[in-house]
Amino acid sequence: MPTPRTTSASGSEAGAAEAARKACRGEVLAPGDAPFDAARRVYNGAVDRRPAAIVRCAGVADVVAAVRLARAHGLPLAVRGGGHSAAGFGVCDGGLVADLSAMKGVRVDPGRRTAEAQAGLTWGELDHETQAFGLATTGGRISSIGIAGMTLGGGYGWLMRRHGLAVDNLLAADLVTADGGLLTASAAENADLFWGLRGGGGNFGVVTALTYRLHPVGPTVTGGMAFYAAERARELLYAWRDFAAASSEDLATQLNFLLLPPAPFVPPHLVGAPVVAVPVCHLGPPEAAARDLAPLREWGPLIDRIRPLPYARLQRLYDAAGAFGHLTYGRSGHLPRLGDDAVEALAAVYATGLTSPCSIVMLSPLGGAVARVGEHSTAFSFRRTAFDLAVQAVWSDARESRRHIRWADAAWTLMRPFTRGVYVNELGDEGPERVREAYNPRTWRRLVELKRRYDPDNLFRLNHNIDPAQAVDREEVPHDHRGDAARGGDGSRPGRVSDRPSDAVRP
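Cut-off values and rules
Throughout, residues of each chain are indexed from 1 in the direction in which the sequence is written. The model is predicted, so local features are restricted to residues of pLDDT at least 70 and side-chain atom pairs to those at 80 or more, both for listing and for counting; the totals for chains, interfaces and linings are taken over all residues. For side-chain calculations, the full set of non-hydrogen atoms in the structure is used, while hydrogens and water are omitted. Burial status follows relative accessibility: with a 1.4 Å probe on protein chains alone, a residue under 20% of its type maximum counts as buried, one over 50% as exposed, and anything between as partly exposed. Strands are runs of DSSP state E lasting at least 2 residues, helices are runs of H or I lasting at least 4, and numbering of each runs from the N terminus. Two residues qualify as a contact provided that any one of their heavy atoms is within 4.5 Å of a heavy atom in the partner residue. For two strands to pair, DSSP has to find at least two bridges joining them. Throughout, an axis means a line fitted to C-alpha atoms (over the contacting stretch in the case of helices), and angles, computed between N-to-C directions, take values from 0 to 180 degrees. Between the rings of Phe, Tyr and Trp (Trp by its six-membered ring), a pair exists once the centres lie within 6.5 Å; its type follows the angle of the planes, with under 30 degrees stacked, over 60 edge-to-face, and the other angles tilted. The rule is short: NZ of Lys or CZ of Arg within 6 Å of the ring centre and within 35 degrees of the ring normal puts a charge over the ring. Note on convention: near helix rotated counterclockwise from far helix by under a right angle means a left-handed crossing. Clockwise means right-handed. Side-chain classes are defined by residue name, with Ala, Val, Leu, Ile, Met, Phe, Trp, Tyr, Cys and Pro counting as nonpolar, Asp, Glu, Lys and Arg as charged, and the others, Gly among them, as polar. The scheme is simple: roughly parallel for angles under 35 degrees, roughly antiparallel for over 145, roughly perpendicular for 65 to 115, oblique for anything else. Residue-level confidence of the predictor, termed pLDDT, takes values from 0 up to 100. Definition of nonpolar core: a set of buried residues of the types Ala, Val, Leu, Ile, Met, Phe, Trp, Tyr and Cys, connected through side-chain atoms within 4.5 Å. Salt bridge criterion: a side-chain nitrogen from Lys or Arg within 4 Å of a carboxyl oxygen from Asp or Glu.

**Some thoughts on helix H7 (residues 191-200)**
Every α-helical turn comprises 3.6 residues, leaving residues that sit three or four positions apart pointing alike. Where burial is concerned, most of H7 is hidden: 8 out of the 10 residues are buried. Among the residues of H7, those classed as buried are Leu193, Phe194, Trp195, Gly196, Leu197, Arg198, Gly199 and Gly200. On its buried face, H7 is in contact with helix H5 (147-153), strand S8 (170-176), strand S9 (182-186), strand S10 (206-213) and helix H15 (441-454).

The structure is reproduced here in structure tokens:
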């Protein structure tokens, strides 16, 4: 299988910016240009890469030009939307960056309840347009996240239990392929590719526009957070587990472990205190929300911030965590169930404390509309998993990296025996085995076949990569380190769980 070519900085890299300026309408930045350093920054402050050129694409023609230039010059190609990839895939060393952030066209059709959106939009920008008509689709919980990358990986959000994942609401996508062509993928056109885009990430091309199905949402919902004393974590884990299992699909909730921020609603004596936080979004009428959320108030919160508020504001609940510049390192996995043993392990994680005011442990129920889609209907796998677990270390001083990484790895060591599979959007740069764990075996084989068809040279490799050159045994069944203790609703065997720390952050 052919492999992408590489060049030295004195060869094609040196001429990449000049060639891009001749071929593109949008601004092209090279090392030494005043805006270059700001333009190459991504969310994870631990990522420090210097591309040969950044193409701020003004339209699809610029994307086509960037793809063709990368191939012609044998350069790596990074694709940047919102820049929130924890692994920093939106920037590269010595290659081209196709920066889509200027491509923000959007058209909402309230009659058909659809939105056509260019890939440079963030979720906050798309919500702004759709909420003008009381409509929304499942989107990221941080408003600055780009719509394309989050959607292509699956797309968790507050609306998923009622309306499905972002990929379940994707009706069509336009993308530039590895040969510089333009395709539309939908259920009626290039259906195989459409299947792969819905969970397979950016492996098959540069998506330039997406069409979504919209749903009546808000504009006012019941949402916010209740905060509880951390010493009650074990008790609350059991109570919340039962609460989540009994919840209607109108209610999305999480159970998080964090340190109280210096926010106006936090009494001074509680700033920095460890707490169990229960954020919620209830889509039903106020009387139904009051009934369904009554247990949270009966548990006696330290602070109760659950109230009617605009859906667009709820979508900004975690925006502080999405600020660029922090160093971040995470471990994550699916929990097929939350048995007593897993609850006790989580209580032990909470008891270890947090090493940073910005770090968090997040437990999110799935189910509902997510589970009603067939396991093999899209490339997103593990539809029947009960919960998603994410352990995220976030800090600001690089000299303290070892301490924060050790904390996240220690938490993962406690929880990994209970996991099977992983949400690809929560992966760092953790190696090919972990990427493989994001998919069931049948889906993985099909994704590799698609990759061989649409990107045989692996031009689109700066992502959670599906390598077209790898051997695929049609009879292979990945092994789980706990044997047969956990099986998914699709009957597939669990994948292996890697103990290898991510390479996204080096101390």
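Resuming the write-up.
**Here's the deal with the sheet that holds strand S3 (residues 77-80)**
With respect to topology, 4 strands assemble into an open sheet ordered S1-S2-S4-S3, the strand pairing being mixed. Both outer strands of the open sheet, strand S1 (28-29) and S3, are each paired with one neighbouring strand and no more. Relative to strand S4 (residues 96-99), strand S2 (residues 53-56) is paired through 4 bridges, and the arrangement is parallel. Within S4, the position partnered with Ile54 by the bridge is Val97. Where helix H3 (residues 60-73) meets the sheet, its contacts fall on S2, S3 and S4, and the angle it forms with S4 comes to roughly 165 degrees.

**Examining the packing of aromatic side chains**
In total, this model carries 12 aromatic pairs according to the counting rule given. Judged by centre distance (5.7 Å) and plane angle (45 degrees), the ring pair of Trp240 and Phe387 falls under tilted. You can see Trp240 sitting in helix H8 (residues 233-246) and its partner Phe387 sitting in strand S20 (residues 387-395), a full 147 residues away along the chain. Summarising the burial analysis for this pair, Trp240 and Phe387 share the class buried. Put simply, the rings of Tyr156, Phe380 and Tyr423 pair up and form one aromatic cluster. A cation over a ring is seen here: Arg198 above Phe194, with NZ or CZ 3.9 Å from the ring centre. Looking at Arg446, its charged tip hangs above the ring of Trp195, at a distance of 3.9 Å from the centre.

**Points about the packing of H7 against H15**
One can describe the packing of H7 onto H15 by two numbers: an axis separation of 10 Å at closest approach and a directional angle of 115 degrees. Crossing of H7 over H15 shows left-handed handedness. Contact residues: Asp192, Leu193, Trp195, Gly196 and Gly200 in H7; Thr443, Arg446, Leu447, Leu450, Arg453 and Tyr454 in H15. Looking at the contact of H7 with H15, its residues break down into 5 nonpolar, 3 polar and 3 charged.

**Observations regarding the packing of H8 against helix H11 (residues 340-351)**
The N-to-C vectors of H8 and H11 enclose an angle of 140 degrees; their axes lie 9 Å apart at closest approach. When the axis of H8 is compared with that of H11, the two are oblique. In the packing of H8 onto H11, the handedness of the crossing is right-handed. Contact residues: H8 offers Ala233, Arg234, Leu237, Tyr238 and Arg241, while H11 offers Asp340, Val343, Glu344, Leu346, Ala347 and Tyr350. Taken together, the residues of the contact of H8 with H11 break down into 7 nonpolar, no polar and 4 charged.

**Quick notes on the confidence of the model for the protein**
Here the protein averages 91 in pLDDT, while 91% of its residues score no lower than 70. Segment residues 1-10: pLDDT under 50, and 21 contacts once partners within four positions in sequence are set aside and those in other chains are kept. Predicted confidence for residues 475-507 stays below pLDDT 50, and this span has 81 contacts to residues more than four positions away or in other chains.

**Section: the nonpolar core**
Within the largest apolar cluster, 94 residues are counted, with the highest numbers of intra-cluster contacts made by Leu77, Leu96, Leu126, Ile147, Leu197, Leu210 and Phe227. Considering each element in turn, this core owes the most residues, 7 residues, to H3. Leave out the neighbours within four places in its chain, and Leu210 touches Ala115, Glu116, Ala117, Ala119, Ile147, Ala148, Thr151, Leu170, Ala172 and Ala173. With 46 residues, the next largest nonpolar core counts Leu255, Val361, Phe387 and Ala408 among its residues.

**Remarks on the pairing of strand S12 (residues 220-229)**
Within S12, 9 of the 10 residues are buried, which leaves it mostly tucked inside the rest of the structure. Where S12 and strand S17 (residues 307-310) come together, 4 bridges link them in antiparallel fashion. Looking at S17, one finds that Thr220 is bridged to Pro310. Pairing of S12 with strand S15 (residues 274-282), which is carried by 8 bridges, proceeds in the antiparallel orientation. From the neighbouring strand, Ala226 faces S15, where its bridge partner is Val278.

**Examining the environment of Arg305**
For Arg305, the location among the structural elements is in the loop between strand S16 (303-304) and S17. Residue Arg305 is classed as partly exposed on the basis of its relative accessible area of 29%. Not counting residues within four places of it along the chain, the set of residues in contact with Arg305 comprises Gly223, Gly224, Met225, Phe227 and Phe265.

**Some remarks on the sheet that holds strand S6 (residues 114-118)**
An order of S5-S6-S10-S8-S9 is seen for the 5 strands of this open sheet, with the pairing classed as antiparallel. The open sheet has two edge strands with one neighbour each: strand S5 (106-109) and S9. Strand-to-strand twist of the sheet, defined as the mean angle between neighbouring strand axes without regard to direction, takes the value 10 degrees. Looking at chain direction, S8 and S9 are connected through 5 bridges and run antiparallel. Note that in S9 the partner of Leu175 across the bridge is Leu183. Strands in contact with helix H4 (residues 123-131) are S5, S6 and S10; relative to S5, the strand with the most contacts, it is inclined by about 35 degrees.

**Here we look at the pattern of salt bridges**
Pairing between side chains of opposite charge can happen when the charged atoms of each approach one another. Under the defined criterion, the tally for this structure stands at 28 salt bridges. In this structure, Asp304 and Arg297 form a salt bridge, with 2.8 Å as the shortest nitrogen-oxygen distance. Note on Asp304: relative accessible area 34%, which makes it partly exposed. Across the pair Glu400 and Arg403 runs a salt bridge, and its minimum N-O distance is 3.5 Å. Classification of Arg403 by relative accessible area gives partly exposed; the value is 38%. Each of Arg331, Asp409, Glu430, Arg434 and Glu437 takes part in a single network of salt bridges with overlapping partners.

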